[in-house]
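# Structural overview
One letter stands for each residue in the lines below.
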Amino acid sequence: MSLNVLCISWGTTGNLSPVLTAARQLRRAGHRPRVMADPAMCGEVEAAGFPFVGWRRAPTGLDADPADFSDLADWLRQTMFSPAGAYAADTLDEIRRLPTDAVLSLDLLPGCALAAEAADLPHAVLSPHISIRPLPGIPPAASGLTPPRTEAERDAVDAATAAIVSAMERGRPALNAARRAFGLPPVASAFAHFDQADRVLLAVSRAFDFDTQALPANYRYIGPLLDEPSWSRGTGHAWSGTGRRRILVAGSTGAQNQTDLQRRVARAVGAVEAETIVTTGPNVGPADLAAPAAVRVVAAASHDALMAQADLVVCQGGHGTVSRALLHGVPLLVIPLARDQADNAASAVAVFLQMLAAAVASDLVARFFDGRSALSMAAVMLGCSLAAAAAHAGLARPAPRAPSRPYGEPACSSIRPPGSPST
């Protein structure tokens, strides 16, 4: 049975990419998806071959996805709850404009879930990161914590869970006001749209997430949705083939006030004997970094193509970049800035796939890039550990590629997981 599916995104391109990947999968399965998103995303959606619908009442750009994440409750209010009525009105207009059999919307859009409920349509919530709704046994989103082992750690997880529940609940009056405006009864929880959805699709690897004590019946792990955006493909940026260590500094696709962080990272890697490419993403101009001449700074490039031959990836810890690096078997240095980035770092650390120092970003970068020797040893040792752990966990099977190590340094292929046969 072929369905007309309304796929809904919001804010910046980082939010759109997993929705487009899901839409492509729906199309390959014989369905007819169309995409509703920020008007600025029209070109990307149409380049992917989908009908595009833009927001009319709902906020757009930075009004929809604020860069300042310092006050979680206020960010959730601006993002999820205050505009819920506007999102619901736009979504209902689109449902009535064209035949719609089902709705797929991102988890931060309870207004779209409200519209699907009002129209009595099947609805799936897409979470391209760990669950925002707290799950038993798993530290809450935006906490950066790992599953507790001591009483003190349990207290920390409980406090973090209480904090995100409180932040969400502060937005419930606005959500219930929107529900009443559309003839729906109020809800007793700000997380109600997760419970009411036919499916909540966690677009992360189950092996990457922490084990929950009880996954809700409507939750499913579907794996990461990692199709590259059209604006990053075909840019022609590639490694030079000089044989030096290759470092990719991958900037975030979202607006998170990251210019200063990227500038400091570019300055740090410029002092290292390596070939470095920095991709700033759409919200930072390459010229804003004032990078050393030895560092190539570009707005965008294919991360798949660059990671296939990279020795190290430096990033803020967005789920897409972390997952892509793991799939390519590349060592990671993560400098979390906001949102789910510390969570992604904590998940990777827990399965020995990444290292993370608890330090201010500039100090962390300065300590890691302590001359050529430190870079070489860290890249080789972490790369070997990553390859072994990824293979052991079944998370990745990197394609064979020629190492670009300096002469005399060991290859990762010479180190095997415990118990593996000798060659």
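Calculation notes
Residues numbered from 1 in each chain as written. Predicted model: local features only at pLDDT ≥ 70, side-chain atom pairs only at ≥ 80, totals over all residues. Heavy atoms only, no water. 1 Å grid on protein atoms, 1.4 Å probe; cavity = no way out; pocket = protein on both sides within 12 Å on 5 of 7 lines; lining within 4 Å. Points joined across faces, edges and corners; volume = space filled by probe spheres on them. Helix = DSSP H or I, 4+ residues; strand = E, 2+ residues; numbered from the N terminus. Nonpolar A, V, L, I, M, F, W, Y, C, P; charged D, E, K, R; others polar. pLDDT = per-residue confidence, 0-100. Contact = heavy atoms within 4.5 Å. Core = buried A, V, L, I, M, F, W, Y, C linked by side-chain atoms within 4.5 Å. Buried < 20%, exposed > 50% of the residue type's maximum accessible area, 1.4 Å probe, protein only. Arc of directions from axis to C-beta. Pairing = 2+ DSSP bridges. Axes fitted to C-alpha atoms, helices over the stretch in contact; angles between N-to-C directions. Phe/Tyr/Trp six-rings, centres within 6.5 Å; stacked < 30°, edge-to-face > 60°.

So, about empty space enclosed by the protein. In the structure shown here, the tally under the stated rule is 4 cavities of 30 Å³ or more. Quantified by volume, the second largest cavity comes out at close to 80 Å³. The wall of the second largest cavity is formed by Val249, Ala250, Gly251, Leu261, Gln262, Val265, Val314, Cys315, Gln316 and Ile335. No other element matches helix H10 (residues 259-269), which puts 3 residues into the lining of the second largest cavity. Among the residues making up the lining of the second largest cavity, the classes are represented as 7 nonpolar, 3 polar and no charged.

So, on to the confidence of the model for the protein chain. Regions with low pLDDT carry predicted coordinates that are not meant to be interpreted in detail. Summing up the model confidence of the protein chain, the mean pLDDT is 82 and the portion of residues at 70 or higher is 82%. Predicted confidence for residues 352-423 stays below pLDDT 50, and this span has 114 contacts to residues more than four positions away or in other chains.

Ile8, Trp10, Val35, Tyr87, Leu104, Leu126 and Met168 are the most contacted members of the largest nonpolar core, which has 73 residues in total. The contact partners of Trp10, leaving out residues within four places of it in the chain, are Asn15, Trp55, Ala64, Asp65, Trp75, Thr79, Tyr87, Leu106, Leu108 and Leu109. Formed by 19 residues, the second largest nonpolar core is a distinct cluster that contains Leu248, Ala250, Leu306 and Leu332.

Residues separated by three or four positions in an α-helix point in the same direction, a consequence of the helix having 3.6 residues per turn. Taken together, the buried positions of helix H4 (residues 72-81) are Ala73, Trp75, Leu76, Thr79, Met80 and Phe81. Buried residues of H4, viewed axially, fall in a sector of 160 degrees; they line one side. Structurally, H4 contributes buried residues whose contacts are with helix H3 (61-64), helix H5 (84-97), helix H6 (110-118), helix H7 (151-169), helix H8 (172-181) and helix H9 (192-196).

For the rest of this paragraph, the subject is the sheet that holds strand E11 (residues 312-315). Judged by pairing direction, the sheet is parallel, and its 5 strands sit side by side in the order E10-E9-E8-E11-E12 without closing on themselves. With partners counted over all chains shown, the strands left at the sheet margins are strand E10 (295-298) and strand E12 (332-334), one partner each. For this sheet, the mean angle separating the axes of adjacent strands, direction not counted, is 15 degrees. Looking at chain direction, strand E9 (residues 275-279) and E10 are connected through 4 bridges and run parallel. By the bridge assignment for E10, Thr279 is matched with Val298. Here helix H12 (residues 319-328) sits on the sheet in contact with strand E8 (246-250), E11 and E12, set at roughly 170 degrees to E11.

What follows is about the side chain of Ser347. Structurally, Ser347 can be placed in helix H13 (residues 341-350). Excluding residues that lie within four positions of it along the chain, Ser347 makes contacts with Phe208 and Phe210.

On to the packing of aromatic side chains, then. Applying the stated criterion across every chain yields a total of 3 aromatic pairs. Judged by centre distance (4.8 Å) and plane angle (85 degrees), the ring pair of Trp55 and Tyr87 falls under edge-to-face. With a gap of 32 residues between them, Trp55 in the loop between strand E3 (52-54) and H3 and Tyr87 in helix H5 connect regions that are remote in the sequence. For the pair Trp55 and Tyr87, one class covers both residues: buried. Consider the rings of Phe69 and Trp75, whose centres lie 5.0 Å apart with planes at 70 degrees: the pair is edge-to-face. Here Phe69 and Trp75 have matching classes, each one buried.

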